[in-house]
Structure formats: structure tokens, C-alpha cells
Amino acid sequence: MKKLFLSLCCICMMVMQSGAAELGRWTPTTADVKQGSSVGIGTVGFQVGVWEPAQLFPWEYDVYGLRFNLFYGKNKNVHGLDLGVFNYSVSETHGWQIGVAGNRGGSFIGWQAGFINLVDTEMVGLQTGGVNQFGSTGNGAQVGFFNKCGDSFGGVQAGVLNFGGDVSGLQIGLVNACDTLYGVQIGLMNFILKGNYLNFCPVFNCSF
């Protein structure tokens, strides 16, 4: 009886450890894949970290749900709510990214709020903070002290300094500058570097 009891205890411990190892992990559905989700080597429902690599799961894992970064967190993809001091997703972020110091994503759909907000390629949504920047194309709004968009942007830039490539929409700030404009600029100094008419005009400028 004693040996049987010990054997049962060992089996129960093994089962519990196996379950704990899988805690927070799940497999993306077919719908996730159809929506364009890029699935990495593993997927988790939550992530907690202090400073990468001191985090619950390795950075190569995707997070679908909640990620909390005490100081600095890094993962391949994050879909959901991303909270911390500085949040970084290498490939893509869909959802809310809220960082005290800042946020960075490969591509981004949603809302970034922090002192510094960076997107390497495409941004769709809202950036609010001291510095907002994305690398290639974007649609939505940038609201902050310094706003910069890449090749093309459709929407609103509102800040002290606004810079862009091909802008369709509104720039409002102290200094507004872009390569081409299909819309309106309101500010102390307004520049359209490749404008058909006025390359510079104070207070108000437009091009259609």
C-alpha cells in the first residue's frame, strides 16, 4: 500500500507540473491565421517581464491577450493590451500599447500612448505622446510635441512640429512640413517642399 501511495503521488506531481508548464499557452484559431496573424514558435495568453530576457516566456513567443512589462518587454507579436514602462514588439502589434517611457512595434494597428511612440513600417490608428513616428505608410492621427510620418500618411497631425512625406489631410502646429500635400496646413510656418503653388506660407497653406 505504501508503494502504491507513493506511486500515485508521483503521478499527480508529474501531471501538475505538466499543466503548470502549459499555463497561459494556447494555439491560434483558423480565424486568427485568416486575419493575418503571424504566429511564432509559441503563443501565450499573457506575458510578464522585468527586463528581457527576464520574462515569463522568451521573446520569440507571440502574446494574444495581456502583456505587462515592469521595465522593458520584448516579444515577436502582441495582440491585445500591452502595458509597461517600455513595450517592444518586433513584428506586429494589434491593440493598445501603453508605455510610460515609450512603445515600439514593427507594424501597428490600434493606439500607442507614451512619451516616445515608434513604428518601423505601417501604422493604422492613433499615436499620442511627446514623440510620434512611423516609417512607411499610415492612416489615422498623430498627437504630440513632435510628429513624423514616413512615405505617405492620411489623417491628422497635431503638434508643435509636424513632418511628413506625402500627406493627405490636416497638419496643425507651430511648424508644418511635408513633401506633397492634399489638404490643409495651419501653423506659424507651413512648408510644402514639392508644392505646385506655394512652397512656404505662414498661418495657412493648402494644396488640392
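Presented here is an overview of the structure given in this document. Residue positions within a chain follow its written sequence, with the count starting from 1. Only residues with pLDDT of at least 70 get local features here, since the model is predicted, and only at 80 or more are side-chain atom pairs given and counted; chain-wide, interface and lining totals rely on the full set of residues. Each side-chain value is derived from all of the structure's non-hydrogen atoms; neither hydrogens nor water enter the calculation.

Here we take up the overall build of the chain. Strands here mean DSSP runs of E at least two residues long; helices mean DSSP runs of H or I at least four residues long; both are numbered from the N terminus. Within the chain, the regular secondary structure consists of two helices and seven strands. Starting at the N terminus and walking to the C terminus, you meet the elements of the chain as α-α-β-β-β-β-β-β-β. Sorting the 208 residues of the chain into buried and exposed places 40% on the buried side. Partitioning the contacts of the chain with sequence separation of at least 6, the portion at a separation of at least 24 is 6%. Each accessible area value is a Shrake-Rupley result obtained with a 1.4 Å probe; residue values ignore everything except the protein chains displayed when judging cover. Taken as a whole, the chain presents about 10700 Å² of accessible surface, with 72% of it coming from carbon and sulfur. For the exposure calls, accessible area comes from a 1.4 Å probe over protein chains only, and a residue counts as buried if that area is under 20% of its type's maximum, exposed if over 50%, partly exposed in between. In this analysis, two residues are considered to be in contact whenever any of their non-hydrogen atoms come within 4.5 Å of each other.

Turning to the sheet that holds strand 5 (residues 137-148), a few remarks are in order. A sheet is described by the order of its strands in space; here seven strands give the open sequence 2-1-3-4-5-6-7, paired in mixed fashion. Strand pairing shows two members of the sheet lacking a second neighbour, strand 2 (54-55) and strand 7 (200-207), which therefore form its edges. Pairing between strands is defined by DSSP: at least two bridges between them are needed. As judged from the two bridges shared by strand 1 (residues 43-51) and strand 2, these two strands associate in the antiparallel manner. Within the sheet, the bridge partner assigned to Gly-49 lies in strand 2 and is Gln-55.

The term disulfide is used for any two cysteine sulfur atoms that are within 2.5 Å. If you walk through the whole model with that rule in mind, you get zero disulfides. The cysteine Cys-149 is free of any disulfide, with Cys-178 supplying the nearest cysteine sulfur at 8.1 Å. The class for Cys-149 is buried, based on a relative accessible area of 4%. Take Cys-201: it sits in no disulfide, and the sulfur closest to it among the cysteines is that of Cys-206, at 8.4 Å.

Glancing now at the environment of Gln-112. Position of Gln-112 relative to the elements: it lies in strand 3 (residues 62-119). Residue Gln-112 is classed as buried on the basis of its relative accessible area, which comes to 0%. In this structure, the C-alpha to C-alpha distance between Gln-112 and Thr-128, residues 16 residues apart in sequence, is 6.3 Å. Beyond its immediate stretch of four places on either side in the chain, Gln-112 contacts Gln-97, Asn-103, Arg-104, Gly-105, Asn-117, Leu-118, Val-119, Leu-126, Gln-127 and Thr-128.

So, about unusual backbone geometry. Note the cis peptide between Glu-52 and Pro-53, where omega equals 15°. Take Pro-53: it is sitting in the loop between strand 1 and strand 2. One non-glycine residue with positive phi stands out, namely Val-203, at about 70°. Relative to the helices and strands, Val-203 is located in strand 7.

For Gly-169, the position within the fold is in strand 6 (residues 152-192). With relative accessibility at 26%, the residue Gly-169 sits in the partly exposed group. Ignoring sequence-local partners within four residues, the contact set of Gly-169 consists of Gly-155, Leu-181, Tyr-182, Gly-183 and Val-184.

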